[in-house]
Amino acid sequence: MKFGKTLERHQIAEWADHYISYKPLNKELKAIAEDPTEQKFKAWDDKLELELSKVNKFFTQETRRLEEQITATRSDASEIAIHPPAEQEVRARSIEKVLAVLLARLDNLADFSSLNWVACYKILKKHDKVLKGLAPSKLQDLELYKNAPFHNQTAIESLREDVTAVSEVLGVDPEGNFDWIIRNKGQTAGSWISNLLYYFLGIVTMALVNIVLMLQLPTTNTLSRATYFTASFPVFRMVFMCVELTWLCGCCVYLFEKHKVNWIMLLNIDPKCQIQASHLFYLASLQTVVWLVFFMIYLSEYKFGLFGTGAPDQYALYPVAMIVVQISILFLPSAYFRVKYRYGVLRCLGSVVLSPAFRVTFSANVLGDVLTSFTRPLKDLIFTGCYILTGSFLTQEEVHCAVETPVVVWVILVLPYWFRLCQCCRRYYDSRVSTNLLNAGKYSMGIAMSAVTAIDWSRFGVTVYASRLLWTSFFIGATMYMLVWDVRMDWGLFPSVDTFLRTDRDNHFYPKPMYFAIASLNMILRTTWALNLIPLEALGWNGPYGADIVLFFVSAGEIYRRAQWVILRFEHEHLTNASKYRSVLWVPPLALKEEAKDADAPPAPARILRRPIAWAQNAIHASMALDEPMPAELESNPSTGALRARGTSEDDGIHREESATLLGAYRAVQEYSGVVKRRKHDLHAKTETFGDEDCGAGLSRAGSSAL
């Protein structure tokens with residue numbers, strides 16, 4: 001993915017003019033390559049130095065401003081003791097809010113520094129690639145820029161320690177307020193996607209209750225047979241596993257959004273992609289409703305003959321119709337699941353299947369691992385094909401398919417492990433890192449485990465007890481191998497024999513109990529993974545219901561375990577670049593875009609008119625709390641002085657400090673400026689005055705009218 005789009009997505013809006021102008025520099029490089037001259041080389045070098053000077057200047061100014069604000073806050077904290085006890089708690093809480101704002105700005109400044117450093121690296125690398133053989137290499141000069149002021153992370157850490165010292169003196173926790181700010185920043189109310197999601201969840205809940213009640217009722221259909229019901233059960237099971245996968249993808253993305261794990265960049269997805277957890281939950285809800293409706297109709301016809309005589313030919317088409325509807329859902333047009341994104345998934349799947357022909361990416365790596373947890377649904381997919389192509393769905397009798405032989409079934413079960421084995425070999429070929437060979441050994445153990453259980457050892461004179469001992473040995477060896485690899489290599493836990501979690505504060509995103517819970521559940525669910533690779537006949541579970549029900553829960557548990565694996569695997573890759581898929585270590589935190597519903601369904605004009613009033617007041621309050629210069633548009637407003645006077649009163653002091661927790665008014669004012677420009681044509685005549693003059697002036701007028 002082009003870095004220019006990534007830079008635009010993750011840069012801080014109000015600091016956009018202070019980042020390295022990557023796109024113009026890149027465009028100029030391409031022009032120079034067409035007509036290279038020494039003057040153009042020098043002009044480009046001067047322009048790069050000018051860009052770096054711009055970044056250094058802003059970083060220095062922002063650092064100095066934060067130093068002054070932290071010093072003032074420290075002074076305020078030291079004076080708390082001279083106030084009456086009744087006021088001390090109020091002032092301490094107010095200072096805690098200010099410290100939370102300062103921590104947020106320090107994090108923004110750290111991201112600003114890192115993102116510009118990556119931009120510097122990328123443009124130097126692009127220079128060497130475009131002008132190869134035409135100009136001297138610039139990437140080797142990267143060491144010279146390490147001492148640049150904007151790359152000084154030590155200064156940021158020093159300021160962070162100062163904030164921590166002030167909070168320790170007060171005995172407060174600014175991190176808690178900071179988390180609240182991050183959770184509430186950019187949230188929008190009344191999302192139509194969320195409302196629709198709740199509606200579908202209500203339907204799903206009632207449908208599940210109905211299914212449970214129907215299963216408890218006695219069967220009144222005299223023509224029903226157990227073989228009729230179980231003939232289609234693998235079809236419903238396969239579709240259910242696909243629906244579960246969609247739900248779990250939504251859960252993973254939700255956690256990534258909450259804890260700022262940049263899954264978009266890790267998977268090399270277009271930065272303009274607007275897919276969020278709510279969209280995946282909506283899709284999963286729709287798929288679940290379709291599955292439940294068809295299953296309820298199928299169950300009603302089987303038990304009660306509800307829509308006819310109850311004969312098999314009355315309800316044989318329900319599973320087939322369900323598959324048609326589920327596939328149709330995937331082809332519905334969507335502003336979020338765009339066609340190019342769907343093609344991207346298919347291309348990624350193709351690169352996994354054709355391994356080792358293609359270079360392995362992180363997205364192909366993850367998709368390959370997900371397929372290893374999807375072995376039983378893949379077998380159900382073959383069954384579904386036989387069920388439809390042989391016409392068995394018309395009679396509901398036992399499905400017989402020439403393709404579904406023990407050898408073919410075994411190949412299907414181990415195929416995902418073969419894909420990952422080929423990927424590991426290709427990774428070793430490209431990188432020459434021996435860790436990839438050890439990873440390949442893990443998947444070789446899985447293939448060996450399946451082969452040992454598929455062979456009829458009695459033909460070789462091996463007793464039943466000896467064959468079971470061989471099974472157990474391979475099972476324990478493969479399980480321990482995979483379990484240790486998950487915890488140590490994929491998740492980066494147990495950095496030493498005495499430590500479970502990573503010790504550095506910045507080396508984990510999630511709450512600490514979450515790591516222990518996932519590791520424990522992973523260990524439990526890992527003991528059932530082999531059941532997905534062992535043929536049913538080998539276990540003797542070929543009864544009408546037992547094997548299907550057990551494998552249903554085993555398959556669902558394995559897919560859930562893989563979702564847990566994804567949560568920690570992405571976090572580890574984000575923080576450490578563990579698999580070395582990226583050329584740089586740092587990854588910006590995930591930046592959520594405004595809900596697309598704002599563009600599709602703009603709120604009422606009255607609601608937009610209320611926003612500048614509140615934001616104007618917050619701008620004044622925040623500037624007073626942080627002792628920052630007032631925005632010019634508000635400073636010139638005569639009502640500002642009145643609000644300042646109100647803010648000095650004791651009753652309004654808490655409100656003033658609470659307003660400061662909105663990360664400062666500058667961002668709010670500038671964000672609102674963009675909102676007005678985007679929606680100007682949708683507003684009524686009363687709101688069109690914002691388009692006649694500068695947005696700041698309109699904002700000032702709105703604040704005056706409110707006051």
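Residues numbered from 1 in each chain as written. Predicted model: local features only at pLDDT ≥ 70, side-chain atom pairs only at ≥ 80, totals over all residues. Heavy atoms only, no water.

**Brief notes about the packing of aromatic side chains**
Logical step 1: Applying the stated criterion across every chain, the model contains 21 aromatic pairs.
Logical step 2: Ring geometry for F236 against W291: centres 6.2 Å apart, planes inclined by 85°, an arrangement best described as edge-to-face. Within this pair, whereas F236 is found in helix α9 (residues 233-259), its partner W291 is found in helix α11 (residues 277-304), the two being separated by 55 residues in sequence.
Logical step 3: Judged by relative accessible area, which is 2%, F236 ranks as buried.
Logical step 4: Ring centres of F236 and F295 lie 5.2 Å apart, and the angle between their planes is 80°; this geometry places the pair in the edge-to-face category. Taken together, the residues span a long stretch of sequence, with F236 in helix α9 and F295 in helix α11 at a distance of 59 residues. With respect to class, F236 is no different from F295; both count as buried.
Logical step 5: Here R427 stacks its cationic end above the ring of Y581, 4.0 Å away from the centre of that ring.
Logical step 6: If you follow R468 out to its NZ or CZ, it ends over the ring of W471, 4.4 Å from the centre. (Phe/Tyr/Trp six-rings, centres within 6.5 Å; stacked < 30°, edge-to-face > 60°. Helix = DSSP H or I, 4+ residues; strand = E, 2+ residues; numbered from the N terminus. Buried < 20%, exposed > 50% of the residue type's maximum accessible area, 1.4 Å probe, protein only. Lys NZ or Arg CZ within 6 Å of the ring centre and 35° of its normal.)

**Side note on the nonpolar core**
Logical step 1: Of all hydrophobic cores here, the largest spans 72 residues; its most connected members are F256, W263, M322, W491, Y510, I567 and F570.
Logical step 2: For this core, the elements supplying multiple residues, two or more each, are α7 (192-216), α9, α10 (263-266), α11, α13 (318-330), α15 (362-372), α20 (512-526) and α22 (546-576).
Logical step 3: Top contributing element to this core by residue count: α11, with 15 residues.
Logical step 4: In contact with Y510, other than residues within four places in its own chain, are L255, F256, H259, V261, Y515, I567, L568 and E571. (Core = buried A, V, L, I, M, F, W, Y, C linked by side-chain atoms within 4.5 Å. Contact = heavy atoms within 4.5 Å.)

**Description of the environment of S158**
Logical step 1: Position of S158 relative to the elements: it lies in helix α5 (residues 153-170).
Logical step 2: Here the alpha-carbon distance between S158 and E67, two residues 91 residues apart in the chain, equals 9.9 Å.

**Some points on the confidence of the model for the protein chain**
Logical step 1: Averaged over every residue, the pLDDT of the protein chain is 75; the share at 70 or more is 72%.
Logical step 2: Under a pLDDT of 50 for its full length, residues 176-190 has, in the predicted model, 20 contacts with residues more than four places off or in other chains.
Logical step 3: Under a pLDDT of 50 for its full length, residues 633-707 has, in the predicted model, 111 contacts with residues more than four places off or in other chains. (pLDDT = per-residue confidence, 0-100.)

**Side note on the packing of helix α19 (residues 464-490) against α20**
Two quantities define a packed helix pair, namely the angle between the axes and the distance from one axis to the other.
Logical step 1: Where α19 meets α20, the axes come as close as 10 Å, and the angle between the chain directions of the two elements is 160°. Taken as axis vectors, α19 and α20 run roughly antiparallel relative to one another. In this structure, α19 crosses over α20, and the sense of that crossing is right-handed. Note on element contacts: α20 touches α19 through N522, M523 and R526, opposite T479, M482, L483 and D486.
Logical step 2: Classifying every residue of the contact of α19 with α20 gives three nonpolar, two polar and two charged. (Axes fitted to C-alpha atoms, helices over the stretch in contact; angles between N-to-C directions. Parallel < 35°, antiparallel > 145°, perpendicular 65-115°, else oblique. Left-handed = near helix turned anticlockwise from the far one by under 90°. Nonpolar A, V, L, I, M, F, W, Y, C, P; charged D, E, K, R; others polar.)

**Overview of the side chain of E51**
Logical step 1: With respect to the element layout, E51 can be found in helix α3 (residues 38-78).
Logical step 2: Among all residues touching E51, those that are not within four sequence positions of it are Y19, I20, S21 and L25.

**Remarks on a nonpolar patch on the surface**
Logical step 1: Taken together, the side chains of V339, Y343, L346, L349, V353, L354 and F358 present a nonpolar region at the surface, about 660 Å² in accessible area.
Logical step 2: Considering the arrangement of structural elements, one finds L354 in the loop between α14 (339-353) and α15. (Patch = residues over 30% accessible without salt bridge, like charges linked within 9 Å, V, L, I, M, F, W, Y side chains within 5 Å. Areas by Shrake-Rupley, 256 points an atom, 1.4 Å probe, with all protein chains shown as cover. Salt bridge = Lys/Arg side-chain N within 4 Å of Asp/Glu carboxyl O.)

**A closer look at the pattern of salt bridges**
Logical step 1: Within the structure shown, the criterion is met by 21 salt bridges.
Logical step 2: With a closest N to O distance of 3.6 Å, K138 and D45 form a salt bridge. With K138 in the loop between α4 (85-130) and α5 and D45 in helix α3, this residue pair connects regions lying 93 residues apart in the sequence.
Logical step 3: By relative accessible area, K138 is classed as buried at 13%.
Logical step 4: Among the ionic pairs, D369 bridges to R420, the shortest N-O distance being 3.2 Å. A residue pair is termed long-range when its members are at least 10 positions apart, and D369 in helix α15 and R420 in helix α17 (residues 406-431) qualify at 51 residues.
Logical step 5: Since its relative accessible area comes to 3%, D369 is described here as buried.
Logical step 6: Each member of the salt-bridge network shares a partner with another, and the members are D486, R526, E558 and R561.

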